[in-house]
Amino acid sequence: LSILPPPLHPAPPPPAPRERAGERPEDIAGASRRAFDNLIEFAVAERVDFVVIAGDVFDGDWSDYSSGLFLVRGLDRLNRAEIPVILIRGNHDAANQMSRRLTWPSNVRELSSRAPETVVLESLDVAIHGQSFPARAVTENLAASYPAPRAGLFNIGVLHTSADGRAGHDVYAPCELRDLTLKGYDYWALGHIHMREILAADPYVVFPGNLQGRHVNEPGAKGFSLVTVAGGRVTNVEHVSVDVVRWATLVVDVSGAETLEDLCPRVGQAIAEAVADADGRTLAVRLVLRGACAAHRALAGDPERLAAECASLALQSRGDVWIERVDVETDPAPLHTETGALADVTQLISHVRTDPADMDQIRVALERGLDKIPLPLRTEAGFAGLSAEQCARVLADAEALILHKLSPGAAHP
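Here goes a summary of the coordinates provided. (Residues numbered from 1 in each chain as written. Predicted model: local features only at pLDDT ≥ 70, side-chain atom pairs only at ≥ 80, totals over all residues. Heavy atoms only, no water.)

Some remarks on the sheet that holds strand β14 (residues 282-293)
Move 1: Pairing in this open sheet of 3 strands is parallel, and the strands run β13-β14-β15 from one edge to the other. Each having just a single partner strand, β13 (245-253) and β15 (321-332) make up the two edges of the open sheet. Each strand of the sheet is rotated relative to its neighbour by a mean of 10 degrees, with strand direction disregarded.
Move 2: Sheet strands touched by helix α6 (residues 303-315): β14 and β15. Its angle to β15, the strand with the most contacts, is close to 130 degrees. (Pairing = 2+ DSSP bridges. Helix = DSSP H or I, 4+ residues; strand = E, 2+ residues; numbered from the N terminus. Axes fitted to C-alpha atoms, helices over the stretch in contact; angles between N-to-C directions. Contact = heavy atoms within 4.5 Å.)

Examining the state of the cysteines
Move 1: Within this structure, the stated rule accounts for 0 disulfides.
Move 2: Among the cysteines around cysteine 264, which has no disulfide bond, cysteine 310 carries the closest sulfur, lying 7.0 Å off.
Move 3: Its relative accessible area of 12% is what places cysteine 264 among the buried residues. (Disulfide = S-S within 2.5 Å. Buried < 20%, exposed > 50% of the residue type's maximum accessible area, 1.4 Å probe, protein only.)

As for the pairing of β13
Move 1: Pairing geometry for β13 and β14, over 9 bridges, is parallel. The residue of β14 that forms the bridge with valine 252 is leucine 289.
Move 2: Considered for its hand, the β-α-β crossover made up of β13, helix α4 (residues 260-276) and β14 is right-handed. (Right-handed = clockwise from strand over helix to strand, strands pointing away.)

Looking at helix α1 (residues 31-46)
In an α-helix, one turn spans 3.6 residues; hence positions three or four apart end up facing the same way.
Move 1: If you check α1, its first and last C-alpha atoms are 22 Å apart, about what 16 residues at 1.5 Å a residue would give, namely 22 Å.
Move 2: Looking at the buried side of α1, the elements it contacts are β2 (51-54), α2 (66-80), β11 (223-230) and β13.
Move 3: One or two residues past the end of α1 sits arginine 47, with phi positive at roughly 55 degrees. (Expected span 1.5 Å × (residues − 1).)

A short note on the sheet that holds strand β8 (residues 187-191)
Move 1: Ordered in space as β5-β6-β7-β8-β10-β9, the 6 strands form an open sheet in which the pairing is mixed. For this open sheet the edge positions go to β5 (117-121) and β9 (197-201), each flanked by a neighbour on one side alone. This sheet shows a mean twist of 15 degrees between the axes of neighbouring strands, independent of strand direction.
Move 2: Bridge analysis of β9 against strand β10 (residues 204-207) gives 4 bridges, and the strand direction is antiparallel. Bridge pairing in β10 places isoleucine 198 opposite valine 206.

Given below as structure tokens:
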């Protein structure tokens, strides 16, 4: 017996391929769909007994029917292979969130949102219990009202939940682990949390994570859980990777680097090591440069050249690498003092940095600019609320940019 929970968020179709590095993010927009196709191909090739989807197939309402048709095509491939699919809806695709609907293929059973429902696969002696979200915000413990296990059958609970809480995820259908382990079921397939996690092994309680990381905060291998059952007991829970783009944050210590050229070998080495760990997949990288170094001013003051150098290193890595962003978190090398006009600029910026009124004026100006950005994008970028540390970093970057432009030998437009 094999169970595959759950796919997540089919994305728009991919555009035509570009160069290996430096391309725009839209070039990996179709990764979620290709990961879902990989799941379908695996299920058909391995002749699994059924597929379980624990919610959030879609990330909200459809603008048109293309997303629904894409999913139906995949589910129909399973139908032609005589593989049943049991699914529930989660907070993103709850019953009242979706204004458009399509009729599922005959192999698909969507569990009710009104109350817990049980589906029995009689040929396999399996009972599957679950409930879809009726609305986006479900705050009650749904698991508490799930039915008792069916005697003589292998019982599976399917639940979209934040469990006892996970960082970065809203609290939906909360429950304690004991609410699940004491229910008497043989396996729990959980949705909502995007990172793979096994909460318990007797019985197994599993968040398989999503099929494809969507941004840099969802790093590492992504896929589904292949569950093998023999003699009425789980004998193996295996992670199967189907992602096509793998995200990674690479923190590179550039302490002591005198110039931009000095740190390139360190960045290149970090990229090469990440490529080796990516299993041949496209690698989307956020580079974070840290450490005190004389190169600080050149790094923070000439971001265009820094980005181009990092893209060049990605092209030389012998992997399919896209540099998503380069964050400069370096500090000026100690004991470095300015002279002449540069000293005057440094003194002025130091005054601004220590003057509460000046800093408040800067913060207000930044907030006005950020208010033009939709809140979900601000939140994902870490700017939902502008902290004092973020204001200080903006000022430090501005200082480096000004001093770099004023330094002897700097390129000027």
